[in-house]
Each structure stands twice: as structure tokens, then as C-alpha cells.
Amino acid sequence: VQLQASGGGLVQAGGSLRLSCAASGSASRITAMGWWGWYRQAPGKQRELVAHITSGGSTNYGDSVKGRSTISRDNAKKTVYLQMNSLKPEDTAVYYCNAGISTGGSSVVSYWGQGTQVTVSS
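Residues numbered from 1 in each chain as written. Predicted model: local features only at pLDDT ≥ 70, side-chain atom pairs only at ≥ 80, totals over all residues. Heavy atoms only, no water.

Caption draft 1: How the structure looks around the state of the cysteines. Applying the stated criterion across every chain yields a total of one disulfide. The partner cysteine of cysteine 21 in its disulfide is cysteine 97, sulfur to sulfur 2.0 Å. Judged by the torsion about the S-S bond (45°), the cysteine 21/cysteine 97 disulfide is right-handed. Taken together, the residues cysteine 21 in strand S3 (residues 17–24) and cysteine 97 in strand S9 (residues 93–102) connect sequence positions 76 residues apart. Classification of cysteine 97 as buried rests on a relative accessible area of 0%. (Disulfide = S-S within 2.5 Å. Helix = DSSP H or I, 4+ residues; strand = E, 2+ residues; numbered from the N terminus. Buried < 20%, exposed > 50% of the residue type's maximum accessible area, 1.4 Å probe, protein only.)

In C-alpha cells:
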């Protein structure tokens, strides 16, 4: 199972970006998608939560992006999205997706994507 994040880039302050992250693997391996999350890590800082969505669709957001970002998921496509608006230079970071995935039985394993760079210029 792999998570592939995309959608990062360079944007001016006040602009918007939409990040995507898709889970892939053989059809027989992924039996259920659990939670999805987006985290970010800026140089010299700890990784922090950006947004999280449960399998039932409940969401929560980090204080720094609350009101400016929306997380959503497409279960059929095994994909999560993060719409970020009113971007600020302090949003500059590498953004990582995270997912809880079941590959059979009752266990759920946490997977991480490779990260996508978001740079916001002032």
C-alpha cells in the first residue's frame, strides 16, 4: 500500500491550493479505509496536524488553518483532499498525508505519504 500526495507548489499569499493524496495497492490488499489526516512540517519545526477526517466524515483542524482549510474524502477513489485558502507565508511547509488502512482482518495500519512542498510567497 502506498500513499501518493500531489498538488503542492508555489503560490502567492492570499492564494489557494488543493492537495490530494491517493491510496494505491492491489485491490485485494486494501479492504477498508479508516481515517485520513494531513500534517505539515516546516524547517526547524515539529510536524503538526493540519486536518483530520474520520471514516464517518467527522473533521477537525489545527488552530493555524481553522476557517481557511477544508478536508474531504472520496472513498470510492481512496483519496483525500485538502483545500487551502487565504494562504499565508507561515503555511510554507512540507505537507504529508496519513491514513489508517485495513488490509484484512481487524487491524488498521497507519501509512504516510511522501510529502508535497507548499511554498507561499509574500
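Still more to cover.
Caption draft 2: Expanded view of unusual backbone geometry. Non-glycine residue lysine 78 carries a positive phi angle of around 55°. Here the phi dihedral of serine 86 falls at roughly 50°; this positive angle occurs in a residue that is not glycine. When you line up the elements, serine 86 lands in the loop between strand S8 (79–84) and S9. Judged by relative accessible area, serine 86 falls into the partly exposed class, the value being 41%.

Caption draft 3: Representation of the sheet that holds S3 in the model. Spatially, four strands are ordered S1-S3-S8-S7 in an open sheet, and the strand pairing comes out antiparallel. A strand with exactly one partner marks an edge of an open sheet, and here the two such strands are strand S1 (2–6) and strand S7 (69–74). Neighbour-to-neighbour, the strand axes of this sheet turn through a mean angle of 15°, independent of strand direction. (Pairing = 2+ DSSP bridges. Axes fitted to C-alpha atoms, helices over the stretch in contact; angles between N-to-C directions.)

Caption draft 4: Fine view of the side chain of serine 102. Looking at the secondary structure, you find serine 102 in strand S9. Those residues in contact with serine 102 that lie beyond four places of it in its chain are Arg29, Ile30, Thr31, Ala32, Ser107 and Val108. (Contact = heavy atoms within 4.5 Å.)

Caption draft 5: Representation of the nonpolar core in the model. Judged by nonpolar contacts, the single largest core of 30 residues is most densely connected at Leu3, Trp36, Trp38, Leu82 and Tyr95. Breaking this core down by element, the ones donating at least two residues are S1, S3, strand S4 (32–41), strand S5 (48–53), S8, S9 and strand S11 (116–121). Top contributing element to this core by residue count: S9, with five residues. (Core = buried A, V, L, I, M, F, W, Y, C linked by side-chain atoms within 4.5 Å.)

Caption draft 6: Examining the pairing of S3 more closely. Relative to S3, S1 runs antiparallel, the two being bridged by five bridges. Residue pairing in the sheet places alanine 5 in a bridge with cysteine 21 of S3. Of the strand pairs in this sheet, S3 and S8 are connected by six bridges, and their pairing is antiparallel. By the bridge assignment, leucine 17 is partnered in S8 with methionine 84.

Caption draft 7: Local environment of the side chain of serine 69. Turning to its location among the elements, serine 69 is positioned in strand S7. Overall, the relative accessible area of 7% leaves serine 69 in the buried class. Look past the residues within four positions of serine 69 in its chain and what remains in contact with it is Tyr61, Leu82, Gln83 and Met84.

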